[in-house]
Amino acid sequence: MSAILTVDGLTKTFGGVRAVDSCTLAVQEGSITGLIGPNGSGKTTVFNIITGYLRADAGAVRFAGRDVTGHDTGRLYRHGLSRTFQQARVFPPLTVLENLVAAGGYSWWQLFRRRITPADRTRAERLLDEFGLAAMADVPAAELSYGQRKLLEFAAVLMSEPRLVLLDEPTAGVNGVMVDTMERHVRARNAAGITFLIVEHDMTFVMRLCDPIVVLDAGRPIFSGPPAEVQSNDLVLDAYLGS
Amino acid sequence: MKSLVRGPVFFGLLIVLPLFGLQHWVLNMLVFVLMFAVMSSAWNLVGGLAGYPSLGHAAFFGIGAYALGSLFKGQTVSSGYEPFLWLPVVGLIGALIGWPIAVISMRTRADVFAIVTITFLFVVQTLAFNLHGITGGAQGLALPIPPFPAATFEQPYYYVLVLLLSVAMGLTFGAARSKVGLALSAVRADEDKARGIGVPTTGVKVLAFSVSVGLTAMVGGVWAYYQSFIYPQFAVDPLITIAIVLMTFLGGRATLWGPILGAGILETGQQYLAYELGGSQFYLIAYAMIFLLIMLFLPRGILPTLVERLRRRRSSAAPAPAPRMETAA
Amino acid sequence: MHALIQGVILGILTGGVYALMASGQTLIFGIMKVINLAQGAMVILGAYLAYQLFTSFGIDPFLAIPITTVVMFWLGVAVQVVFLRPLRSEDRSELSLLITFAVALLLEGIMSVTWNTTHRSINTSYANGSWTVLGYQITLVRLWAFVLSLGALGLLFLLLNRTKFGRAVRATVQNPDSARLLGVEAQRVSALGFGLGAATAAAAGSVYGLLYPFNSGSHYDLISRLLSIVVLGGIGSVGGAMIAAVIVSTSSAIVASTVSPAWSEMTFFVILILVLLIRPQGLFGTVGRGSI
């Protein structure tokens, strides 16, 4: 297995605080990699840098063999790197179906074609069926529950057939049933070839699903390994409990 | 579908209206209503569909007015229809000037966009007063007098504006039905997210703006020809900006008929008051007050509020829908 | 060369006044994330008030400042409470621009009805006096204006850094959620902040009336310059706005004295476009909202 994503010496400072400190890590292709760490460890910042929402002060990001440091989010999306948001960002006034089609990616001349072509509809409906949202296809996203929005957002980023999906706290704020649903979808898609990098606070979820797990503390990785080792590692325990 | 019937009926009425031998002041009022209907509809493309409130459209009205004036400076017209034939050029000029403005100002956020547009308005106003060679400065600019018979003087302008209105509405309709509209809706709902999922946000914004100001410039051209003599303080007048913004908001942003409704209500009101009161200072206060009241009490505008009320009444009459369940897929 | 240095002197002196006006604008943006398009109109209103106090009661515009700032402070609070507070948060960013624009036009309309559209200026006895230092002319009024602006900015600085209110303001600017948790009432801070912004406009207005002839329509010119200054300085940075004010004023003055006064009118627009092309976040711009 090769690394589909590498982060090399990433540094980012806010005000006087070094949120990310010479962070270097790699995500193996085909894995479901977890990224955990106590509050303030820099997970979200690393995420935002990788996905193009923030510019690093120093360091490089490589994705699928090319240097993508500083590339903007749209460009990364088109290259196969997608991400979801903790707050489940969807387009509330658009219907569920339209949300998916909007994420489908299209070239300039396609803009002047029909809003939802039959081809769009078929592609979207397949995803909707998979995620159990088919009944809500023509409902505005504003009327969805929080859990449904998270599913919708997840489904939408799959429209572009990404190679790597970064999930930002996928289980935050959702109930137990939804957590299992999320896990099921991640596994299914992983089996189909998508690599995942997941930032999470829910330890049980991470331990169950992710391998390897990278632990960040004070802006840099302090450990990387399988779930069993993470739980017993001293450095990790120190980071979370404070020494 | 209902909407496909409304359009032809509406335009049929418009086409037939002047043939009823209406009085001149009524026709004049209709010309102005149409002018503002076109401009509000055009503004809606960028301020409503895209969610980028432009505060500088009055500048493009002026640019169109002076463009037509420049094209016909010192010339006479034979049939009187020549200036109308040059309107597309005027529109193109407006769009070409608008394009770089949009590219520069729409790259970051809506606030920056508003800043650039309002600054641009002021700059154009200053240029209108100072570029004597092109605009005649404060002395004004004369356009050729058309040989239209006095009895039906307003009619050519009226019909040209009806045509422009059909174009504006057609574009709005087409945009909503195409992926352009989908992209614009995404931009309006959550631009950063839209950019993040590969929607060509800058492209569609710039396109909407250029088309919008091109249309506005054409209306400016028609106005200039209608007035036969234009002064810079009326050609580039911030009051026009606030009027079209207000009309669009009143009727309902991002709707097809909202801007027309808003223009119909407000412009007829203003034209009627012009007989009674006169003096533009009061218009300013009136428009500003009405605008603020709308913002506070009817922020969605008339049409969307009505639609929402109807929908609520209809759903309360129907049996209650089954409670939403978490999908256990 | 002489003209150049004269331009620089003029620019720096004028820059102080614009810095005062821009700081009010930046303050309001920092607290409420609202660009106050009515800031120019408020300055003009301050100028009219000072003018009225001068012509009716003979009060010197500098001495009128305590009166006008208090009046305009409450006006600012009223505007925020009546027009901005009722907005729902999702509409706020989009609509606040239009609302403050409408307030600007409302003020313009009221001013033009109250004082008609004749250009006014405050002609005190010292209005035309000037010193000549090393062959360069320094108009007294501009010098006092500069001193006043520095003083007002100093007061503002003290207010923001030494008082409880100032602490609350800074907390709200940096992190509204935490501030709220710590008991800072965001709404009250917003209202007072807007009032403060209006108060700075009043102080600047007295000065403006001394320096330039004005009428109700002058606020377009003013707000356009202020916005260019704010963009150059970086939206959200008070220090940036001050530096930018001096840069823009100085550039305008240099163009006026070396090229022509007509072109100096365009200088701020050119600067605005250049900033947006080269460095859209301005000199000291804070991270834009939206995104994460």
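Residues numbered from 1 in each chain as written. Chains lettered and ligands numbered in written order. Predicted model: local features only at pLDDT ≥ 70, side-chain atom pairs only at ≥ 80, totals over all residues.

With that settled, the discussion passes to the packing of helix α2 (residues 24-49) of chain B against helix α8 (residues 154-177) of chain B. All names here are of chain B. Taken N-terminus to C-terminus, the directions of α2 and α8 make an angle of 20°; their axes are 9 Å apart at the nearest point. The pairing of α2 with α8 is recorded here as roughly parallel in orientation. Where α2 crosses over α8, the handedness of that crossing is left-handed. A breakdown of the residues in the contact of α2 with α8 according to their chemical character gives 20 nonpolar, 4 polar and 1 charged. (Axes fitted to C-alpha atoms, helices over the stretch in contact; angles between N-to-C directions. Helix = DSSP H or I, 4+ residues; strand = E, 2+ residues; numbered from the N terminus. Parallel < 35°, antiparallel > 145°, perpendicular 65-115°, else oblique. Left-handed = near helix turned anticlockwise from the far one by under 90°. Nonpolar A, V, L, I, M, F, W, Y, C, P; charged D, E, K, R; others polar.)

It is worth spelling out the nonpolar core at this point. Val 38 and Leu 161 of chain B together with Ala 102 of chain C are the most contacted members of the largest nonpolar core, which totals 290 residues. Looking at which element gives the most residues to this core, the answer is helix α10 (residues 201-227) of chain B, with 16 residues. Residues contacting Val 38 of chain B, with those up to four places away along its chain left out, are Leu 161, Leu 164, Leu 165, Ala 168, Leu 215 and Val 219 of chain B. (Core = buried A, V, L, I, M, F, W, Y, C linked by C-beta atoms within 7 Å. Buried ≥ 20, exposed ≤ 12 C-beta atoms within 10 Å, placed from the backbone. Contact = placed C-beta atoms within 7 Å.)

We now examine the interface of chain A and chain B. Between chain A and chain B, the contact holds 35 residues from the first and 24 residues from the second. Of all the elements in the fold, those that place two or more residues in the side of chain A that touches chain B are α2 (73-79), α3 (96-102), α5 (146-158) and α6 (176-191) of chain A. Considered class by class, the residues forming the side of chain A that touches chain B number 18 nonpolar, 11 polar and 6 charged.

Among the secondary structure elements, Ile 118 of chain B is positioned in helix α6 (residues 110-130). A C-alpha to C-alpha distance of 17 Å links Ile 118 of chain B and Arg 107 of chain B, two positions 11 residues apart in sequence. Apart from residues lying up to four places away in sequence, Ile 118 of chain B is in contact with Leu 55 and Gly 56 of chain B together with Leu 37 and Ser 224 of chain C.

Counting from both sides, the interface comprises 37 residues of chain C and, opposite them, 35 residues of chain B. Class assignment of the residues belonging to the side of chain C that touches chain B gives a composition of 25 nonpolar, 7 polar and 5 charged.

Quick look at the pairing of strand β3 (residues 32-36) of chain A now. All names here are of chain A. Among the 5 residues in β3, 5 count as buried, and that is most of the element. Along β3, one buried face is formed by Ile 32, Gly 34 and Ile 36 and the opposite face, lined by Thr 33 and Leu 35, is buried too. Where β3 and strand β8 (residues 195-199) come together, 4 bridges link them in parallel fashion. Pairing of Leu 35 across the sheet is with Val 199, part of β8. Of the pairings in the sheet, the one linking β3 to strand β9 (residues 213-217) comprises 3 bridges and is parallel in character. Among the inter-strand pairings, Gly 34 is bridged to a residue of β9, identified as Ile 213. (Pairing = 2+ DSSP bridges.)

Read these as geometric descriptors, not functional statements.
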